[in-house]
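# A closer look at the structure
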Amino acid sequence: MSHFNLALRLLLRDRRSGELTLLLLALMIAVTSSTAISLFADRLQRTMGEQAAEFLAADLVIASSEGLPAHWLEKATEWHLDQAQTKEFPSVLIENEEMLLGSIKAVSENYPLRGYLKITDSDYAQEKSVQNGPGPGTAWVEKRVLSALKLKLGDPLMVGDKKLIITRLITYETDKRGDFYSFAPRVMMNDADLQASGVLQPGSHVHYYFQYRGDPKALTEFKRWIKPQLNPSQRIMDIHDDRPELGGALSRAERYLGLSSIVVILIAGVAIAMTTRRYTERHFNATALLRCLGLKRRDILWLYGWQFIILGFLASSFGCLLGWFVQQALFHLLRGLLPQQVASPGWSAVLFGFITGMAVLLAFALPPLLRLKQVSPLKVLRRELEPLDTGTGLVYGMAFSAIAFFIERYTQDFAMTATLLGSGLIALLVLGLMIYGLLRLIAKLVPHVSLSWRFGLQGILRNSKASVGQIMAFSITLVAMVLSFTVRTSLVDDWQKHLPEKAPNHFALNIFPEQQPAFKKEMIQNGIDSSQFYPVVRGRLVKINNIPVQQIVSKDSQGESATHRELSLTWAKDLPEENKITAGKWWQEGQQRGLVSVEQKLAKNLKINLHDQLSFTIGSQQMNVTVASIRSLEWDTMKPNFYMIFSPGTLDGYPSTFLTSFYLPEAQKNVLNDLVKKYPGTTILEVDRILKQVKTVLLQLTKAINYLLYFSLMAGFSVLFAAVYATLDHRIQEGAVLRMLGAKRAFLRKVHLIEFGLLGLMAGLLTIVLSEVMLYSLYTHVMHIDYSPNYGLWLLIPFVGSLSVSVAGYCGTRQVVNKSPLTVLREL
Amino acid sequence: MQSQTDKAVEYLIVAERLSKSVMTSEGILDILSSIDLLIKPGESMAIVGESGSGKSTLISLLAGLDTPSAGTIRLNGNDLTVMDEDGRAAIRNALVGFVFQSFQLLPTLTALENVMLPLELSGDKDAKIAATALLSRVGLSHRLTHTPRQLSGGEQQRVALARAFVTRPVILFADEPTGNLDSKTGAIIIDLLFQLNLENNTTLILVTHDQVLASRCQRTIRLESGKLV
Ligand SMILES: Nc1ncnc2c1ncn2[C@@H]1O[C@H](COP(=O)(O)OP(=O)(O)OP(=O)(O)O)[C@@H](O)[C@H]1O
Ligand SMILES: [Mg+2]
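So, here's what we can say about the structure. If you're wondering where the values come from, they're calculated on a predicted model, not measured in any experiment. (Residues numbered from 1 in each chain as written. Chains lettered and ligands numbered in written order. Predicted model: local features only at pLDDT ≥ 70, side-chain atom pairs only at ≥ 80, totals over all residues. Heavy atoms only, no water.)

A few words on unusual backbone geometry. All names here are of chain A. Residues tyrosine 111 and proline 112 are joined by a peptide bond in cis, for which omega reads -10 degrees. The residue proline 112 is located in the loop between strand 3 (98–107) and strand 4 (117–120) in this model. If you check the backbone angles, asparagine 545 has positive phi at about 50 degrees while not being a glycine. Along the polypeptide, asparagine 545 turns up in the loop between strand 14 (534–544) and strand 15 (547–548). (Helix = DSSP H or I, 4+ residues; strand = E, 2+ residues; numbered from the N terminus.)

This is the structure in structure tokens:
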């Protein structure tokens, strides 16, 4: 404990020195940002989870084609899970001599467990959110039902044998599935009336959804218990499932958040290492004296160790507090975009921030600090007796492990960690060599340049090891900033590209072939941009190479759902836009019938290869085709996409309808009414709400990410100043002597400018090389975004590097230039 | 009473009512108070006094390394007190040479580069020739490419002497130039200093604790608590 007391006193005496302030600052930036980011990401993730739950109307749903065994339901009760269920099935509705295929949904008492329905009392009334379904004896319907069946609110509607009164219009259904082919207009009724309606006969095609809500742990346990017992027609959906309509945006954003947090930690770490180095060097003499006074090496280590622990504790505590506020501010700034209910902050995230601080300090400050242990007491007599550098291996090893730890912690993704670390390591090596080469080149210039340039160049060259370190630090900082900036930009661009302003937001399905030309004309007349019209034949994939698909598909795979529902099959002469052939060939003009092109992911899931035989049932007929090609396509473009495209003529003779998608602005919505009236058989699917929600989510993420960029900027500046400070003592002496000999201030400024500008320039040049390599591997292996270099940055980075280092150098060395030479000489 | 201009012609350094005070945590501290000093060209003068009496402060003021709180200093007719720092730098470069107790060589430059430095700063093209010549004069022709770390204290001070004389200064200021050296080495340095002084006909202002050394100067002034006695 006596170590602690002495350490505290020494620390207090040292508080005026610049490097401790800088150390505290750098550490605080690291802790603040990692606390803020982990808190923010944690809350955002949970908020998104809650949103996902809204889409399911529950936390966990079991979809099934039949009722569940009674003991499953008991088990759910045992786990204290709230339960609800819905049954969905098609049924023909006949009123006023009009006929309509309705999509009936019978809901139980607790429905919806999560989320809400929106209903209105009349056409023009305000929408109202409710958290229950229709009561017994009543039905809520989509407006289309009324127009198609010539009904109005309050009229009775026969569902099977049961007469229901239509009391409300449904405008929003929380768990309406984005399944584009279950599109018939909705009629929602109470589960209690189902028996009496008699529509459900053994063998009717019903989707059961058993919904659960409750404690996350209980849900996980329940899921684990249920999973092995599912039969092939049953499927579990929960909030952790991918949401295809977000196109992986969420997971990418999460990775990005983690990445930028590591970037900040890394940069701050560099600053910490640099300041500790200077701190250490400034304490050589004091340490030698302490050793003369009888302190042992262990004591020395403890003495300084305690000082750093105290510092770390202070900075981490304060950083956590700041991080909490920053995160709070972020949510405040984003409150317009986020749902009303935001998940509350989690304490583990705060604790993580604190641990980050201590770990960063340990990893980056300990190696230089260890040098103090080796100070010889003889140094009191011979000033030049400096302790050896602690093994550089240790320094880099510690920093490397720390970074590895943080990357793994954030991404929880081994591939990403390995990619980043691997390319980072190679990059460092290459970087070091390149800097060394550059310095050699510069050394050749020295005899041929003017005095100020010579001084500037010699400033860099005279301690080439330190310069390599400095340039490396600048480069790493710049690379980190370029990385977080570029990744951010392309994330956002990528999202925007997938969601162009006029992305189709409506689908028209079931257009009869004889009506298709008229329908198309109508669209053009109304100035509506529609995509191509695709013929659609409904069919089911039953066999692959004569083996029933059910035997091929494992239960969990994504291919599963494609095998037990009807697929939309189409044919095309030309390869549709945004489709790319990845294997095989697209058919030529006049090539034979009986060929099919399969979507890549489905092919992978169902283990379909080129030239396989696929068997489909269409209606009551069966047909065989050969796989001619495999295609990749972009799912999130909101254009009609098909798993199966057949060669022309193959589907001739089967009943087909047409399908198209189009963009319709909110203001033009009434066109829909006309269309629905003129083409009663046609179904219009409005996906604009889903799209809007996707856009909102992406917008929030973009904004949050923008704010987080400031952290890496701040950390970057702390490195700049740390680097300038690291060489300040030397510069002060040099400046004083030069001025004593008659150098003008402008001369000194010029020397500094040349030196720092060159350092920055070199760092900038290396940054380009490094960041291109890293970006390439990051994009192709981790983010899965196409990469193309940004040549504008190639010009900008060296300029920015040079400028920012010069500015920091200029500010940092002001006292070298402005103090009277005597004051400086006295301080030496 | 002579007029200002006459003084400027006759004397190289004219210091009038020179005072220096600094702010410390315990209030204003007067380091020098009201010092008048006239130094003729070619004269050699020793400044002696107790430690802390203000010798270094005075010599720095005279050399234009710092500015007085009150009073004026004219160096070869130039009023240092109305000049800005860059103006004084130019004067230092043109007229003044320095030798310090702690050598003040730049550790990263070689002996030759250290000596070339003041010439290079004034744009002299023949810096290398002059510097090499002077280094041989102080007996270091074989150590041109060595850095200060590789030189002994006496050798370092010889480099410092060469650096001070390489610009052929009108005045040389030396602040305890032998303070860090043993007496034998110190004596060699002092001999060299006086020889160079004689060869170049330089005005010499020397701060020292050593009475013998002081007596080798034409004149000695004594400081006590910042005042001339
Ligand atoms: N910037 C300053 N702030 C406070 N005190 C100062 C400052 N500069 C000088 N002093 C004080 O002024 C006094 C004179 O200092 P100076 O260095 O001129 O003495 P000196 O005669 O050269 O002493 P020595 O023979 O030990 O070198 C000292 O007491 C010193 O502490
Ligand atoms: Mg002194």
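Moving on, we get to the interface of chain A and chain B. Each partner contributes to the interface: chain A provides 26 residues, whereas chain B provides 26 residues. Together, Met740, Leu741 and Leu822 of chain A form the three largest contributors to the area buried by chain A at its contact with chain B, with a combined 26%. Where chain A meets chain B, there are three salt bridges. Between the two partners, chain A and chain B, sit six residue pairs in polar contact (both at pLDDT 80 or more). Elements that contribute at least two residues to the side of chain A that touches chain B include exactly helix 13 (451–461), helix 21 (728–740), helix 22 (745–783) and helix 25 (821–827) of chain A. (Contact = heavy atoms within 4.5 Å. Buried area = accessible area lost by both parts, 1.4 Å probe. Salt bridge = Lys/Arg side-chain N within 4 Å of Asp/Glu carboxyl O. Polar contact = N/O pair within 3.5 Å; in protein donor to acceptor, adjacent residues only side chain to side chain.)

Residues and elements named next belong to chain A. With respect to the helices and strands, the residue alanine 399 is situated in helix 11 (residues 392–411). When the C-alpha positions of alanine 399 and leucine 362 are compared, they lie 9.1 Å apart, and in sequence the two are 37 residues distant. Alanine 399 has contacts with Ala363 and Phe364, leaving out every residue within four places of it along the chain.

Residue and element names in this part refer to chain B. Following both chains from N to C, one finds helix 4 (residues 111–121) and helix 5 (residues 127–137) inclined at 130 degrees, their axes separated by 9 Å at the closest point. Judged on the interaxial angle alone, helix 5 and helix 4 are oblique. Read as a crossing pair, helix 4 and helix 5 show a hand that is right-handed. Residues Ala111, Leu112, Val115, Met116, Leu119 and Glu120 of helix 4 touch helix 5, and the partners they reach there are Ala127, Lys128, Ala130, Ala131, Thr132 and Leu135. The residue inventory of the contact of helix 4 with helix 5, partitioned by class, reads nine nonpolar, one polar and two charged. (Axes fitted to C-alpha atoms, helices over the stretch in contact; angles between N-to-C directions. Parallel < 35°, antiparallel > 145°, perpendicular 65-115°, else oblique. Left-handed = near helix turned anticlockwise from the far one by under 90°. Nonpolar A, V, L, I, M, F, W, Y, C, P; charged D, E, K, R; others polar.)

Next up on the list: the site of ligand 1. Of all residues adjacent to ligand 1, which total 15 residues, the nearest are Ser51, Gly52, Lys55, Ser56 and Thr57 of chain B. In this structure ligand 1 sits where residues from chains A and B come together. Serine 51 of chain B is positioned with one of its side-chain polar atoms (N or O) 2.4 Å from an oxygen atom of ligand 1. In the environment of ligand 1, an oxygen atom lies 3.4 Å from a nitrogen or oxygen atom belonging to the side chain of glutamate 176 of chain B. Taken by itself ligand 1 offers 640 Å² of open surface, and the protein chains cover 66% of this. Sorting the residues of the shell around ligand 1 by element identifies strand 1 (13–24), strand 2 (27–39) and helix 2 (55–63) of chain B as the ones contributing at least two each. Counting residues per element, the shell around ligand 1 draws most heavily on helix 2 of chain B, at three residues. Here the shell around ligand 1 is composed, by residue class, of three nonpolar, eight polar and four charged. (Near = heavy atom within 4 Å. Areas by Shrake-Rupley, 256 points an atom, 1.4 Å probe, with all protein chains shown as cover.)

Turning our attention to the packing of helix 6 (residues 153–165) of chain B against helix 7 (residues 183–200) of chain B. Residue and element names in this part refer to chain B. One way to put it is that helix 6 packs onto helix 7 with a least axis distance of 10 Å and a crossing angle of 10 degrees. Regarding the angle of helix 6 to helix 7, the classification is roughly parallel. The interaxial crossing formed by helix 6 with helix 7 has right-handed handedness. In this structure, helix 6 contributes Gly154, Gln157, Arg158, Leu161 and Phe165 to the contact, and helix 7 contributes Thr185, Ile189, Leu192, Leu193, Leu196, Asn197 and Asn200. Looking at the contact of helix 6 with helix 7, its residues break down into six nonpolar, five polar and one charged.

Here helix 2 of chain B lies mainly inside the structure; eight of its nine residues are buried. Positive backbone phi, approximately 80 degrees, marks glycine 64 of chain B, located one or two places after helix 2 of chain B. (Buried < 20%, exposed > 50% of the residue type's maximum accessible area, 1.4 Å probe, protein only.)

Residues and elements named next belong to chain A. Looking at chain direction, strand 4 and strand 5 (residues 128–130) are connected through three bridges and run antiparallel. Bridging across to strand 5, lysine 118 finds its partner in serine 129. By the bridge criterion, four bridges tie strand 4 to strand 8 (residues 162–173) in an arrangement that is antiparallel. Residue isoleucine 119 lies in a different strand from strand 8, and its bridge partner there is isoleucine 170. (Pairing = 2+ DSSP bridges.)

Before going further, it helps to examine the nonpolar core. Within the largest apolar cluster, 89 residues are counted, with the highest numbers of intra-cluster contacts made by Ile272 and Ile435 of chain A. At 12 residues, the largest contribution of residues to this core is made by helix 22 of chain A. Here this core spans two domains, since at least three of its residues come from each of domain 1 (1–56 + 249–412) and domain 3 (439–500 + 688–828) of chain A. Setting aside anything within four residues of it in sequence, one finds isoleucine 435 of chain A in contact with Val468, Ile471, Met472 and Leu766 of chain A. The next biggest cluster of nonpolar side chains, apart from the first, holds 49 residues, and it includes Leu738 of chain A together with Ile35, Leu58 and Leu65 of chain B. (Core = buried A, V, L, I, M, F, W, Y, C linked by side-chain atoms within 4.5 Å. Domains from an automatic or database assignment.)

Below, the discussion takes up the sheet that holds strand 6 (residues 96–100) of chain B. The strands making up a sheet associate through hydrogen bonds between their backbones, and the pairing can be parallel or antiparallel. Residues and elements named next belong to chain B. With mixed pairing, the six strands of this open sheet are ordered in space as 6-7-8-3-9-10. The open sheet has two edge strands, strand 6 and strand 10 (227–228), and neither has a second partner. As defined by bridge partners, strand 3 (residues 44–49) adjoins strand 9 (residues 219–224) across five bridges and the pair is classed as parallel. Its bridge partner lying in strand 9, valine 48 is registered against arginine 222. In this fold helix 3 (residues 85–95) packs onto strand 6 and strand 7 (171–175), with an angle of close to 85 degrees to the strand it touches most, strand 6. In the packing of helix 7 onto the sheet, contacts are made with strand 7 and strand 8 (203–207), and the angle to strand 8 comes to roughly 155 degrees.

This next bit is on the environment of valine 549 of chain A. All names here are of chain A. Summarising the element assignment, valine 549 is placed in helix 16 (residues 549–552). A relative accessible area of 2% places valine 549 in the buried class. Remark: the alpha-carbon pair of valine 549 and leucine 606, spanning 57 residues in sequence, is separated by 7.8 Å.

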